[in-house]
Amino acid sequence: QVQLVESGGGLVQAGGSLRLSCAASGRTFSSYAMGWFRQAPGKEREFVATITRSGARTYYADSVKGRFTISRDNAKNTVYLQMNSLKPEDTAVYYCAADLRGWGGSSNPVEYDYWGQGTQVTVSS
């Protein structure tokens, strides 16, 4: 079992920044890949970013590439999503997820085994 708790969401103006955190517990954090997804009202959950177990490799959706950065601190059992140059279309509930079976790099939500409860990000224009 893995428990994931997100934090750091909120209301920000367009062009601003937020940093999301996801604290993990229950299994050795460095043994699984992590990802961030988001879901806007009326839309399907979409991939945002993923990071491999060691943090050596990261992958991003085209829509956030160059603006968002995923990172992890295995000593703190935490994964982060730094979001810069935010746009109104980034408004969504953001979820972190753990991929216990893969090496990392998957954008498919069905390949993730555990999910956090989500944190709301709202970007005003």
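In what follows, the accompanying structure is described. From a predicted model like this one, the values you see are computed outputs, not experimental measurements.

On to the overall build of the chain, then. A tally of regular secondary structure across the chain gives 0 helices and 11 strands. Reading the chain from its N terminus to its C terminus gives the helix and strand order β-β-β-β-β-β-β-β-β-β-β. At 13 Å, the chain has a C-alpha radius of gyration in line with the 14 Å of a compact globule built from 125 residues. Seen through its principal axes, the chain has C-alpha atoms that stretch 40 × 30 × 25 Å. When each of the 125 residues of the chain is scored for burial, the buried share is 44%. Taking all contacts inside the chain whose residues are at least 6 apart in sequence as the whole, residues at least 24 apart take part in 58%. Counting only carbon and sulfur atoms, one obtains 46% of the accessible surface of the chain, whose full area is about 6,100 Å². With 13 positive and 10 negative side-chain charges, the chain shows a spacing of 5 Å between the two charge centroids.

Enumeration according to the criterion identifies 6 aromatic pairs in this entry. Each ring, one from Phe 29 and one from Tyr 32, has its centre 5.6 Å from the other, and the planes form 85°; the classification is edge-to-face. Here the two residues Phe 29 and Tyr 32 agree in accessibility, since each one is buried. Between Tyr 95 and Trp 115, the ring centres sit 6.5 Å apart and the planes meet at 80°, which makes this aromatic pair edge-to-face. On the criterion of sequence distance, the pair formed by Tyr 95 in strand 9 (residues 92-99) and Trp 115 in strand 10 (residues 114-115) is long-range, its members being 20 residues apart. Tyr 95 sits in the buried class, given a relative accessible area of 13%. Since its relative accessible area comes to 27%, Trp 115 is described here as partly exposed. Just above the ring of Phe 29 sits the side chain of Arg 72; from NZ or CZ to the centre is 4.3 Å.

Taken as a whole and assessed by the stated rule, the structure comprises 1 disulfide. Between the sulfur atoms of Cys 22 and its disulfide partner Cys 96 the distance amounts to 2.0 Å. Disulfide Cys 22-Cys 96: the torsion about the S-S bond is 55°, which places it as right-handed. Placement of the pair is Cys 22 in strand 3 (residues 18-25) and Cys 96 in strand 9, with a sequence separation of 74 residues. Comparing Cys 22 with Cys 96, the two get one shared label, buried.

Rules behind the numbers
- Numbers given to residues run from 1 along each chain, matching the order in which its sequence is written.
- Owing to the predicted nature of the model, reporting of local features is limited to residues with pLDDT of at least 70; listing and counting of side-chain atom pairs is limited to 80 or more, with chain, interface and lining totals taken over all residues.
- Values shown for side chains rest on all heavy atoms present in the structure; no hydrogens or waters enter the calculation.
- Starting at the N terminus, helices and strands are each numbered in turn, a helix being any DSSP run of H or I of at least four residues and a strand any DSSP run of E of at least two.
- As defined in this context, the radius of gyration uses C-alpha atoms, and a globule is described by 2.2 Å times the residue total to the power 0.38.
- Burial classes follow relative accessibility: with a 1.4 Å probe on protein chains only, a residue under 20% of its type's maximum area counts as buried, one over 50% as exposed, and anything between as partly exposed.
- Any two residues having at least one pair of non-hydrogen atoms within 4.5 Å are treated as being in contact.
- Per-residue and other accessible areas follow the Shrake-Rupley method at a 1.4 Å probe size, with only the shown protein chains counted as cover for residues.
- Neither His nor the chain ends contribute to the count of charged residues, in which Lys and Arg are positive and Asp and Glu negative.
- Charged side chains are reduced to one point each, which is NZ for Lys, CZ for Arg, CG for Asp and CD for Glu.
- Aromatic rings from Phe, Tyr and Trp, with only the six-membered ring used for Trp, were paired whenever their centres fell within 6.5 Å, and each pair was classed as stacked if the ring planes differed by under 30 degrees, edge-to-face if by over 60, and tilted otherwise.
- Charge-over-ring contacts are defined here by two conditions on Lys NZ or Arg CZ: a distance within 6 Å of the ring centre and an angle within 35 degrees of the ring normal.
- Only a pair of cysteine sulfur atoms within 2.5 Å counts as a disulfide in this structure description.

From the geometry alone we can't say anything about function, so treat these as descriptive.
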